[in-house]
Amino acid sequence: FTADEFLDMIEAGAFEDMRVELVRGELERSSPAYTKHASVHARMLASLAAVLDQGARDRLYLDPAIRLSEDTVRGGDIVVTHAAVSDRVLKPADIA
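Definitions and limits used
- Residues numbered from 1 in each chain as written.
- Predicted model: local features only at pLDDT ≥ 70, side-chain atom pairs only at ≥ 80, totals over all residues.
- Heavy atoms only, no water.
- Helix = DSSP H or I, 4+ residues; strand = E, 2+ residues; numbered from the N terminus.
- Buried < 20%, exposed > 50% of the residue type's maximum accessible area, 1.4 Å probe, protein only.
- Contact = heavy atoms within 4.5 Å.
- Salt bridge = Lys/Arg side-chain N within 4 Å of Asp/Glu carboxyl O.
- Phe/Tyr/Trp six-rings, centres within 6.5 Å; stacked < 30°, edge-to-face > 60°.
- Arc of directions from axis to C-beta.

(A) Local environment of the overall build of the chain. For the chain, the helix and strand inventory stands at two helices and six strands. Ordered by position from N to C terminus, the α and β elements of the chain give α-β-β-α-β-β-β-β. Expressed as lengths along the three principal axes of its C-alpha atoms, the size of the chain is roughly 40 × 30 × 20 Å. Here the chain holds 96 residues, and the buried ones make up 26% of them. Here the analysis covers contacts within the chain between residues at least 6 apart in sequence; of these, 42% occur between residues at least 24 apart.

(B) Expanded view of the pattern of salt bridges. If you walk through the whole model with that rule in mind, you get eight salt bridges. When the shortest N-O distance is used, the salt bridge between aspartate 4 and arginine 88 registers 3.9 Å. Here aspartate 4 is found in helix H1 (residues 3-11), whereas its partner arginine 88 is found in the segment after strand E6 (78-81), with 84 residues between them in sequence. Taking the relative accessible area as the measure of exposure, aspartate 4 reaches 36% and is therefore partly exposed. With a shortest N-O distance of 2.8 Å, lysine 91 and aspartate 87 are connected by a salt bridge. For aspartate 87, a relative accessible area of 44% translates into the label partly exposed. Through salt bridges with shared partners, a single ionic network connects Asp4, Asp8, Glu11, Arg67, Glu70 and Arg88.

(C) Structural view of the environment of proline 92. Its place among the elements puts proline 92 in the segment after E6. We classify proline 92 as partly exposed; its relative accessible area is 46%.

(D) Region of the structure containing the packing of aromatic side chains. Under the counting rule described, the total for this entry stands at one aromatic pair. Ring centres of phenylalanine 6 and phenylalanine 15 lie 5.8 Å apart, and the angle between their planes is 35 degrees; on these two criteria the pair is classed as tilted. Neither residue differs from the other here; phenylalanine 6 and phenylalanine 15 are each classed as buried.

(E) Structural context of H1. Listed as buried for H1 are Ala3, Phe6 and Leu7. Taken end-on, H1 shows its buried residues confined to a sector of 95 degrees, consistent with a single buried face. Where H1 is buried, its residues touch strand E1 (20-23), strand E2 (26-29), strand E4 (65-69) and strand E5 (72-75). Looking one or two places after H1, you find glycine 13, whose phi comes out positive at around 90 degrees.

All we've got here are geometric facts, nothing functional implied.
Okay, structure coming up:
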């Protein structure tokens, strides 16, 4: 699959009840976040939100899709950008 095909499938609801990434054109299921990971995730999000200037330009994204190439779309846990992103998926250049 290509990244565009994969993103279209996501928007159509093809993977609503599962976590899936596209890696070198192949679909890969992701494990759910277990308790320890989810707890660390929440603390990191709260800490980042407290120090970033989100009103001016910084943005926090939780579990965004990141398009790494034409055949790879991975999910990030928490991503910081220095501007709002209007695309449906982040690119490496968007990430602070």
